[in-house]
Number of protein chains: 4
Amino acid sequence: MIIVLRPHSTPEQIEHILERIKELGFKAHLSKGELRTIIGVIGDENKLHAEPLSAIPGVEQVLPILKPFKLSSREFHADDSVVRVGKVRIGGGALGMIAGPCAIESYEILDTIAGQVKAAGANILRGGAFKPRTSPYSFQGLGEEGLKILRAVGDKHGMPVVTEVMDPRQVDVVQRHADMFQIGARNMQNFDLLKEVGQTRKPVLLKRGMSATVKDLLMSAEYILSEGNLQVVLCERGVRSFEDSTRNMLDLSAVPNVKGQSHLPIIVDPSHATGRPDLIPAMSRAAVAAGADGVHIEVHSCPEKALSDGPQALLPGQYAALMQDLRKLADVMGKEI
Amino acid sequence: MIIVLRPHSTPEQIEHILERIKELGFKAHLSKGELRTIIGVIGDENKLHAEPLSAIPGVEQVLPILKPFKLSSREFHADDSVVRVGKVRIGGGALGMIAGPCAIESYEILDTIAGQVKAAGANILRGGAFKPRTSPYSFQGLGEEGLKILRAVGDKHGMPVVTEVMDPRQVDVVQRHADMFQIGARNMQNFDLLKEVGQTRKPVLLKRGMSATVKDLLMSAEYILSEGNLQVVLCERGVRSFEDSTRNMLDLSAVPNVKGQSHLPIIVDPSHATGRPDLIPAMSRAAVAAGADGVHIEVHSCPEKALSDGPQALLPGQYAALMQDLRKLADVMGKEI
Amino acid sequence: MIIVLRPHSTPEQIEHILERIKELGFKAHLSKGELRTIIGVIGDENKLHAEPLSAIPGVEQVLPILKPFKLSSREFHADDSVVRVGKVRIGGGALGMIAGPCAIESYEILDTIAGQVKAAGANILRGGAFKPRTSPYSFQGLGEEGLKILRAVGDKHGMPVVTEVMDPRQVDVVQRHADMFQIGARNMQNFDLLKEVGQTRKPVLLKRGMSATVKDLLMSAEYILSEGNLQVVLCERGVRSFEDSTRNMLDLSAVPNVKGQSHLPIIVDPSHATGRPDLIPAMSRAAVAAGADGVHIEVHSCPEKALSDGPQALLPGQYAALMQDLRKLADVMGKEI
Amino acid sequence: MIIVLRPHSTPEQIEHILERIKELGFKAHLSKGELRTIIGVIGDENKLHAEPLSAIPGVEQVLPILKPFKLSSREFHADDSVVRVGKVRIGGGALGMIAGPCAIESYEILDTIAGQVKAAGANILRGGAFKPRTSPYSFQGLGEEGLKILRAVGDKHGMPVVTEVMDPRQVDVVQRHADMFQIGARNMQNFDLLKEVGQTRKPVLLKRGMSATVKDLLMSAEYILSEGNLQVVLCERGVRSFEDSTRNMLDLSAVPNVKGQSHLPIIVDPSHATGRPDLIPAMSRAAVAAGADGVHIEVHSCPEKALSDGPQALLPGQYAALMQDLRKLADVMGKEI
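Residues numbered from 1 in each chain as written. Chains lettered and ligands numbered in written order. Predicted model: local features only at pLDDT ≥ 70, side-chain atom pairs only at ≥ 80, totals over all residues. Heavy atoms only, no water.

With that settled, the discussion passes to the sheet that holds strand 3 (residues 37-42) of chain D. Residue and element names in this part refer to chain D. Read from one edge to the other, the open sheet built from 4 strands follows the order 2-3-1-4, with strand pairing classed as antiparallel. If you trace the sheet from one side to the other, it starts and ends with strand 2 (27-32) and strand 4 (59-63), each paired once. Across the sheet, the mean angle from the axis of one strand to that of its neighbour is 20°, orientation sign disregarded. As paired strands, strand 1 (residues 2-5) and strand 3 are joined by 3 bridges and run antiparallel to one another. Residue pairing in the sheet places Ile3 in a bridge with Ile39 of strand 3. (Pairing = 2+ DSSP bridges. Helix = DSSP H or I, 4+ residues; strand = E, 2+ residues; numbered from the N terminus. Axes fitted to C-alpha atoms, helices over the stretch in contact; angles between N-to-C directions.)

A word on the pairing of strand 14 (residues 294-298) of chain A. Residues and elements named next belong to chain A. With 5 of 5 residues buried, strand 14 lies mostly within the body of the structure. Residues Gly294, His296 and Glu298 point to one face of strand 14 and Val295 and Ile297 to the other, with burial holding for every one of them. In this sheet, strand 14 lies alongside strand 7 (residues 96-100) in parallel orientation, the contact comprising 5 bridges. Within strand 14, the position partnered with Ile98 by the bridge is His296. (Buried < 20%, exposed > 50% of the residue type's maximum accessible area, 1.4 Å probe, protein only.)

So, about the relation of the copies chain B and chain A. Superposing chain B onto chain A takes a rotation of 180° plus a shift of 0.0 Å along the axis, which leaves an RMSD of 0.0 Å. One copy is carried onto the other by what is essentially a two-fold rotation axis. If distances are taken from each C-alpha of chain B to the rotation axis, the shortest is found for Ser211 of chain B, at 2.8 Å. Both copies share a contact surface, since 100% of the interface residues of chain B are interface residues in chain A too. (Least-squares fit on C-alpha atoms with pLDDT ≥ 70 in both. Contact = heavy atoms within 4.5 Å.)

Residue and element names in this part refer to chain B. Of note, Pro203 is situated in the loop between helix 5 (191-198) and strand 11 (204-207). Look at Pro203 and you get buried, because its relative accessible area is 6%. If sequence neighbours within four positions are ignored, Pro203 has contacts with Val83, Arg84, Val85, Asp179, Met180, Phe181 and Gln231.

Residues and elements named next belong to chain B. Taking 1.5 Å per residue, 14 residues should reach 20 Å; helix 3 (residues 144-157) reaches 20 Å between its end C-alpha atoms and fits that length. Within helix 3, the full set of buried residues consists of Gly146, Leu147, Ile149, Leu150, Arg151, Val153, Gly154 and His157. Where helix 3 ends, the next residue or the one after it, Gly158, has phi of about 65°, a positive value. (Expected span 1.5 Å × (residues − 1).)

Often, the extent of an interface is quoted as the loss of accessible area on bringing the components together. Per the domain assignment, the segments of chain A are domain 1 (2-63) and domain 2 (83-332). In this structure, domain 1 of chain A and domain 2 of chain A have C-alpha centres spaced 45 Å apart. (Domains from an automatic or database assignment.)

For the rest of this paragraph, the subject is the side chain of Asn229 of chain B. Residue and element names in this part refer to chain B. Position of Asn229 relative to the elements: it lies in the loop between helix 6 (214-225) and strand 12 (232-236). For Asn229, a relative accessible area of 1% corresponds to the buried category. Here the side chain of Asn229 touches Gln231 through a polar contact of 3.0 Å, landing on its backbone nitrogen. (Polar contact = N/O pair within 3.5 Å; in protein donor to acceptor, adjacent residues only side chain to side chain.)

Turning our attention to the pattern of salt bridges. If you walk through the whole model with that rule in mind, you get 68 salt bridges over all chains. The residue Arg285 of chain B makes a salt bridge to Asp325 of chain B at a minimum N-O spacing of 4.0 Å. Taken as a pair, Arg285 of chain B in helix 9 (residues 280-290) and Asp325 of chain B in helix 10 (residues 316-332) lie far apart in primary sequence, 40 residues in all. With a relative accessible area of 27%, Asp325 of chain B lands in the partly exposed category. Asp155 of chain D is the partner of Arg151 of chain D in a salt bridge, and the nearest nitrogen-oxygen pair spans 3.1 Å. On the criterion of helical spacing, the pair formed by Arg151 of chain D and Asp155 of chain D is a turn pair, its members being 4 residues apart in helix 3 (residues 144-157). Via salt bridges that share partners, Arg208, Glu236 and Asp251 of chain A together with Glu243 of chain C belong to a single interconnected network. (Salt bridge = Lys/Arg side-chain N within 4 Å of Asp/Glu carboxyl O.)

Here it is, written out as structure tokens:
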């Protein structure tokens, strides 16, 4: 950590800062430049987090040197992690192709869609039973009834299933029925929920919050990892921006950005990112070419009758056509679906 | 609701759309322009929410005419609502001046700060017992022990108290000790938590999420109101932006923007918005001049030893000086502190 | 255009609006719903632009139905446009691979780099002679001397050349030396400059502004097209966002988004978008997979000695390795480099 | 400047960096911590700008210590600057109240509006003759004819006049007719234009770009100051954001933020920032309370017939009422209108 002092800091201020550093068990290293005095703080920077050095009079800025996450970092674990969801692997060259409707509406509809996406090459089935809806007047999901349908349909088609958990009190019931938890964008910093899924041993699909930096995303993963659950898959799903012709802005550079500093797998969700089926195929191809470990796509056999987010779903035929392209790209990238 | 069709939509597509509208119990009103055909949908727009009309082939865009919130709207309740926190009123000309440290650290520290902010004119005491921290390695708050300290100090100084609740399972314990719930920015769309506090009859301070629009904020208030709890105070606390010299960007226009369309009181938190004590006084003055119903400021007697967010806290003396300015501005605005 | 009236608009207000519409030569179409009255305006919407209907008392909102751009739209020109830069084609299945240093520093350095990028497969040489620098104290480019070097080096290696023009007064001199104008992000809405290059018949590479929507970008292209110059290539180069680990946020969805509504070619610049050489290869691959008509990459043989933007340049060897990947992806996409 | 090395940087890399620093005429100061090696670079940091130290192998990050602007900084000039526009002072306790229509439409209309705003207390008249319009099909302004009208009306009412200049070739003609140049948001980084007005001795109103940081704004001011023109007034006018109910997001914290680090006056334009007349009064009051040196407001006697941006203009009566409030607030702030 480096402390930069204000232009006319007094000797008393400098003395006070040096004492505080010593009190905290660190060594200080003073260096007077032509225009600024700076102090290097030597010791385990992680222990300094809570200490608001920048509030000390005379301090202009405090520059941290180390990254604040540990268990999710490449420095902690150099090789790519591989997360297993049932028999499906995500990471290390294996692509997780997650597909299904936004919400679970009925056994029949889900069964139809599952058959179609499985045939097209999807390897994990998704569907929401607890739905985070902006409006309290919108369809909120079927709850446990939906989870049972998801389990039954997944088993019938031999696909592991992933579904969103929104409340720490739902962790138990979701755990009984699903193979993977999904933490949605709105809950990326719901820290109690992160701790709760961190105490299970089920894999977690952690979506990036709408205004979360890549660092914030890795810090949220750190919450899960630090509870002992190492099975975390990150998901880029777009962030809020001024662009008003897409629902969010897909930040694909997050894929190589995460991979450079973390061992965790990262997949891409172009459905929520764009909110537009006409953009999903191009963004799915781009995701695979950027090095993503999978793609998460909403598919519905009748979008106009879907109870949630129908307009952004691909039709099963569109999904099948896209999967053919993705297989060719995976091949070029040396990956397997 | 107005449906705009694509340039070359076919008669079959138009027929299909008209049938769907009829099936849903609405009347359609067809109008063929020179370059586009549009269909007006007549009936209770609120019932159309879940129906993804935009997924129907031939549809270019669907334009809603009504605002999606009801109970929080001025159309529902024309006069300004006044929320009571203990004996303190917020709204309708009365300003809620909330002050206190970021986190509750000990009885002694909180007692000192409470005495100072009370003397300066604060009327509600704040302090965090459950802290949402980006890092799992940062101080997470004292929990129930902290709530007890907050209650005791509030009682001693005759100030009602507000504190953050992060998890639906904490609602009971927070309710026992505090006079007002705070829902933090990261939980603005934690819908289960919103429903849970909606079922109590304690006032709620609902902070705007870091990437929430004003409409999103009002929709989240709607979750609480629709459960029967009408005691909601909104709080603008800055949103994420590209500006890197402040922690967030304070969107003060949210104050008149909310007031134009909602009867709910709205206060401003310049501490979290700017993250910089040097900007807090100017932004507090601006908040009162913009018509806010109160200001929420973090104050700490020794910011450099605070366990959380010290650098953004005002010193008690700075707070007292600021309150003098705010009183003069409140006077010009015809309000009382 | 559709005009939505406020809840309690008076008959006089409605009458006044209907008269204004008539005065302007349009037909009005009144429709009273349960909660709102709406008025459809029938006629050539393009002629209504300047008329601030929304300022009329009683009007709640004015919803345009048509897109505001014409010459750049697919409705005007259904097939993909192909732009020729010297003998190189961009669009219609042909990829423009633009490479070179940020700034032209000397004949020798540019000659070395040109030889290397040409060997790797680049087909257009770039280099800045007039540099838009945030600081007046930074290197501002060699000016006309730089243009002459660029021309000579381009001719030696048989590569057409592109360079930035920042000022309408530079259009003549740049035109004499270069094969393609570049309009930088900071000048995307420098309308006088757009008109000036619009009056030439040289192709223009128009970069998206840092806070421009896709619609804004197409409107700026419209300025050039409407002066008679149809040779416009768009360039996505990242927009400003809250993410602080990359220079900008690359909005790759702009590629299919533009292609859906415009016939103009669009290429991607991952160098300026990310500002990080470690992310450029992944984002270049993603660009080709997303359907871009080319990639614009900064390459420097000695980034640490570059006079401008060195840290974001690829080394020639890195560029050559990347081009091998891009050729395979172009193949999958049915395109040629 | 501080250079942080990567975790496993080699002795050769460190040696190479130390040599580069020496070559550049600086002293290096090596410090090996437990987890990172850092190098302090001692000497005039301003001379290091162009040197891309971060491109050197082994370097993780380069942290500048000094601010990149000089002439606009408080370190260069400790007291508030006062800019004179005709006989009107802006800064140092005097408020510049700029008002007038968006575009100059005719002598009669401008004359009417000028009389009204003058009577209400405005001291500088604005009006656009060259209009930056997103669409080439929108009204582009009256050009020199408009400038003559502005001059004549300003003289009649005894008000100095400000108008936008968009192109370096217009500087001469604008200079002949106006008392102050306005550089619009879209041209904040049109560096040739900045240099051109920097070579005159007329005051300049420099508006913040839609995605410019406060630092970017000060760097653009630096372009003008470094050419010798010290008469610069900054203007906060809102930035692009995800909030879709206002045109831009007004960043009022820019006012104290600028004042903390620069001596230049800064005013606020709530008209362009919000695009909504219902929000302008509250934001104008907030601007004065935040410490702004003036307010820039669009006023039109018949917004519904304005040729440009009518919907965002205040009516003369609304402006007069607002000015009464602003006078009271100026009084509290110890300022004079």
